[in-house]
Amino acid sequence: MTSGSPQPGFSIGEVLARLRPDFEEISISKIRFLEAEGLVEPARTSSGYRRFTEQDVARLRYVLSAQRDHYLPLKVIKEHLSAMDRGLRPPAIATANPEPPSDLAEPADLPTAHDFSPPSTDLRLTRAELLTAAGITDEVLGQLENYGLVIARDGHYDGEALLIAKTAHELASYGVEPRHLRPFRTAADREIGLIEQVVSPLARQRGSEAARKADDTVKELAALSVRLHAALVRSGLKRPRGAKR
């Protein structure tokens, strides 16, 4: 990079210009003070100039709003920011003496019981239609069937079969073959067995209300099991590559 090339991020003057329309009392010395207090940590160029990111500007907005609108001391604001940095939701800033943050900021798009409700339309595909829709060969489909991953029901394939076949096709581009997917079938069967074990007392009861409750319980347990699986995978991927469990 040449000396005349623009540095990434915003200068302190540019940050001041962005904040001043909403915070008339803001000044360069105020921004420097908040930096000195550890509420924002802008990067520095090789020449020592501050360069602020969008996240830095957002943090400054949070700090200034908490001070002006809620009269929070910097110590409490700093605790809020620390909670946010650790993936927690800070407590509502309606008091200068809030409870410690406790609610986890869950990842988006986690499955819910509704995701396990029967589809409004029952998809029924022939073998040829499934091959075309999933983009796989008859040989690959045969392997998926042999390993119990795809199942034909009454001579047709449903939406779940299509999703499994498509996913297997995408995994194949990374060198993952149908035979590598057998542990997924085994794990799913174990989860299904656990769910059936929990629900069996309800399933043995008579009446529409008991049947509805059993159905709702199955959906809730299915969603929770998928959430747990996803969390375990995310947790495992955070380990350094090659580290032992």
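Rules used in this analysis
Residues numbered from 1 in each chain as written. Predicted model: local features only at pLDDT ≥ 70, side-chain atom pairs only at ≥ 80, totals over all residues. Heavy atoms only, no water. Helix = DSSP H or I, 4+ residues; strand = E, 2+ residues; numbered from the N terminus. Buried < 20%, exposed > 50% of the residue type's maximum accessible area, 1.4 Å probe, protein only. Contact = heavy atoms within 4.5 Å. Core = buried A, V, L, I, M, F, W, Y, C linked by side-chain atoms within 4.5 Å. Salt bridge = Lys/Arg side-chain N within 4 Å of Asp/Glu carboxyl O. pLDDT = per-residue confidence, 0-100. Expected span 1.5 Å × (residues − 1). Axes fitted to C-alpha atoms, helices over the stretch in contact; angles between N-to-C directions. Parallel < 35°, antiparallel > 145°, perpendicular 65-115°, else oblique. Left-handed = near helix turned anticlockwise from the far one by under 90°. Nonpolar A, V, L, I, M, F, W, Y, C, P; charged D, E, K, R; others polar. Arc of directions from axis to C-beta.

Remarks on the overall build of the protein chain
Logical step 1: From N to C terminus, the protein chain includes 9 helices and 2 strands.
Logical step 2: In sequence order, the secondary structure elements of the protein chain are arranged as α-α-β-β-α-α-α-α-α-α-α.
Logical step 3: Out of the 245 residues in the protein chain, the part that is buried amounts to 26%.
Logical step 4: For the protein chain, restricting intrachain contacts to residue pairs at least 6 apart in sequence, the fraction spanning at least 24 positions comes to 51%.

Here's the deal with the nonpolar core
Logical step 1: Counting 22 residues, the largest nonpolar core has Leu19, Ile31, Leu60 and Ile77 as the members making the most contacts within it.
Logical step 2: A per-element tally of this core places helix 3 (residues 54-70) first, with 6 residues.
Logical step 3: Those residues within four positions of Leu19 in sequence are excluded, and the remaining contacts are Ile26, Val57, Leu60, Arg61 and Leu64.
Logical step 4: Counting residues in hydrophobic clusters, the runner-up holds 15 residues, among them Leu130, Leu141, Leu144 and Ala168.

A closer look at the pattern of salt bridges
Logical step 1: A complete count under the given rule lists 14 salt bridges for this structure.
Logical step 2: The network of salt bridges with common partners includes Glu35, Arg44 and Arg50.

Description of the side chain of Arg50
Logical step 1: With respect to the element layout, Arg50 can be found in strand 2 (residues 50-51).
Logical step 2: In contact with Arg50, not counting residues within four places along its chain, are Phe10, Ser11, Ile12, Arg32, Glu35, Pro42, Ala43 and Arg44.

Description of unusual backbone geometry
Logical step 1: A positive phi is found at Tyr71, a non-glycine position, where the angle reads about 55°.
Logical step 2: Within the secondary structure layout, Tyr71 lies in the loop between helix 3 and helix 4 (74-85).
Logical step 3: With a relative accessible area of 67%, Tyr71 lands in the exposed category.

Here we look at the confidence of the model for the protein chain
Logical step 1: In this model, the protein chain carries a mean pLDDT of 85, and residues with pLDDT of at least 70 account for 87%.
Logical step 2: Looking over the protein chain, one finds the lowest element-wise mean pLDDT in helix 9 (residues 208-237), namely 87, and the highest in helix 6 (residues 138-146), namely 96.
Logical step 3: In this model, residues 1-5 is a region of pLDDT below 50 whose contacts with residues beyond four sequence positions or in other chains number 2 contacts.
Logical step 4: With pLDDT under 50 throughout, residues 94-103 is counted as low confidence; its partners more than four residues away or in other chains account for 17 contacts.

Let's talk about helix 9
Logical step 1: Across its 30 residues, helix 9 extends 44 Å between first and last C-alpha, which sits within 8% of the 44 Å expected from 1.5 Å per residue.
Logical step 2: Along its buried surface, helix 9 packs onto helix 8 (182-203).

Considering the packing of helix 5 (residues 127-134) against helix 7 (residues 159-172)
Logical step 1: Helix 7 packs onto helix 5 with a crossing angle of 45° between their chain directions and a minimal axis gap of 9 Å. With respect to helix 7, the element helix 5 is oriented oblique. Judged by the twist between their axes, the crossing of helix 5 over helix 7 is right-handed. Of helix 7, the residues touching helix 5 (which contributes Leu130, Ala133 and Ala134) are Ala161, Leu162, Ala165, Lys166 and His169.
Logical step 2: Among the residues forming the contact of helix 5 with helix 7, the class breakdown is 6 nonpolar, 1 polar and 1 charged.

Here we look at the environment of Leu162
Logical step 1: Of note, Leu162 is situated in helix 7.
Logical step 2: Each C-alpha atom of the pair Leu162 and Leu130 lies 6.3 Å from the other, and the pair is 32 residues apart in sequence.
Logical step 3: Ignoring sequence-local partners within four residues, the contact set of Leu162 consists of Leu123, Leu125, Leu130, Ala133 and Ala134.

Overview of helix 6
Logical step 1: Listed as buried for helix 6 are Leu141, Gly142 and Leu144. Within helix 6, the buried residues cover an arc of 160° as seen down the axis, which keeps them to one side. The outward face of helix 6, more than 90 degrees from its buried face, is lined by the exposed residues Glu139 and Asn146.
Logical step 2: Gly148 sits one or two residues past helix 6 and shows a positive phi near 75°.

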